[in-house]
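Structure at a glance
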Amino acid sequence: TISTLTGKDLHRDLSVRLSQFAESAKALAAQHDGWNLVFAGGDDLMAMLPLHEALDGAFGFRECFRKAMEGLSKPPTLSAGMAVVHALEPLSEVRHLAKAAERVAKKMPGKDALAILVSARSGSPITFCDHWVTLAPGLQSAIGQYSAHAISPSFAYALRDLLHTSGRRGFEHLDEVLFPLARAMAAKKKAKPEFLRRLDETAQQAAADSGPRPYRAAMSRLVELLLVARPFARAKREAEA
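So, a few notes on the structure that sits alongside this text. What you see is a predicted model, and the numbers here were worked out from it, not measured in a lab.

Cut-offs applied
Residues numbered from 1 in each chain as written. Predicted model: local features only at pLDDT ≥ 70, side-chain atom pairs only at ≥ 80, totals over all residues. Heavy atoms only, no water. Buried < 20%, exposed > 50% of the residue type's maximum accessible area, 1.4 Å probe, protein only. Helix = DSSP H or I, 4+ residues; strand = E, 2+ residues; numbered from the N terminus. Pairing = 2+ DSSP bridges. Right-handed = clockwise from strand over helix to strand, strands pointing away. Axes fitted to C-alpha atoms, helices over the stretch in contact; angles between N-to-C directions. Parallel < 35°, antiparallel > 145°, perpendicular 65-115°, else oblique. Contact = heavy atoms within 4.5 Å. Nonpolar A, V, L, I, M, F, W, Y, C, P; charged D, E, K, R; others polar. Core = buried A, V, L, I, M, F, W, Y, C linked by side-chain atoms within 4.5 Å.

**Here's the deal with the pairing of strand 4 (residues 113-118)**
- Burial analysis of strand 4 places six of its six residues in the buried class, which makes it a mostly covered element.
- Taking every second residue as pointing to the same face, both faces of strand 4 are buried, with Ala113, Ala115 and Leu117 on one and Leu114, Ile116 and Val118 on the other.
- In this structure, strand 3 (residues 80-84) lies alongside strand 4, joined through five bridges in parallel fashion. When the sheet's bridge partners are listed, Met82 is paired in strand 4 with Ile116.
- Remark: the strand 3/helix 3 (residues 91-106)/strand 4 crossover connection has left-handed handedness.
- Pairing geometry for strand 4 and strand 5 (residues 126-131), over six bridges, is antiparallel. Considered in strand 5, the bridge of Leu117 is made with Thr127.

**Things to note about the environment of Asp33**
- With respect to the helices and strands, the residue Asp33 is situated in the loop between helix 1 (8-30) and strand 1 (36-41).
- A relative accessible area of 74% places Asp33 in the exposed class.
- Between the C-alpha atom of Asp33 and that of Pro50, which follows or precedes it by 17 residues, the distance is 9.2 Å.

**Thoughts on the packing of helix 2 (residues 51-69) against helix 8 (residues 214-240)**
- Interaxial distance between helix 2 and helix 8 falls to 7 Å at its minimum, and their mutual angle equals 115°. In terms of axis orientation, helix 2 runs roughly perpendicular to helix 8. Contacts from Leu51, His52, Ala54 and Leu55 of helix 2 reach helix 8 at Pro231, Phe232, Ala235, Lys236 and Ala239.
- For the contact of helix 2 with helix 8, the per-class residue count stands at seven nonpolar, one polar and one charged.

**What about the environment of Met82?**
- If you trace the backbone, Met82 turns up in strand 3.
- Classification of Met82 by relative accessible area gives buried; the value is 11%.
- Separated by 12 residues in the primary sequence, Met82 and Val94 have C-alpha atoms spaced 9.5 Å apart.

**Overview of the nonpolar core**
- The biggest cluster of nonpolar side chains holds 45 residues, and the ones touching the most others in it are Met82, Ile116, Leu139, Met219, Leu226 and Phe232.
- For this core, the leading source of residues is helix 8, giving 12 residues.
- Among the nonpolar cores identified, the runner-up in size contains 14 residues, and Leu28, Trp35, Cys64 and Leu72 belong to it.

Take a look at the structure:
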């Protein structure tokens, strides 16, 4: 964006816009109990948010940035990383995880992305990254399906085990039956029709993908989405209770 600006007035205008972004982010955080805006300056922002409102907060800060940059000939986009951690996690490690997620977002083609890293008390962190406009509906849908008990909380782990088992044993030629197997597993766990339809739609999208091993890639991404959605669904349920 800076490379497209000519003259002092345009550079001064960008500085003003960045200040407006920081001030609007501060104002947004001040409207919500429990939102701790640690730093906002230039195009950098760091905040600690309660999990059941973290997505709203991230999208709210992004909207503050978009509005501040309206009217520029080449407006910059905002990419961000979010770390979902246990309350007792040392803040130095939390910041490290959030920066790691941010790096994932900045590697997305075209950027304008959000990467969410979930660090459980045990096991390896799981990360899901997508462009803002496509991440929201997919993640909110998964959260809603957990909340509506359309899917078992343990199903994502069963899918992950299916992927690991087939890959470890060299069953690459069976990739095309991954989704039929997943559907049978979901039905056995009494998944509701809306989630079975989601599996079918994901399988159809994979069938149209010309990339390498599209079924495995699609299921791996679905596993990441479902695992990342779990703590958000739990936090939403606890907040409502």
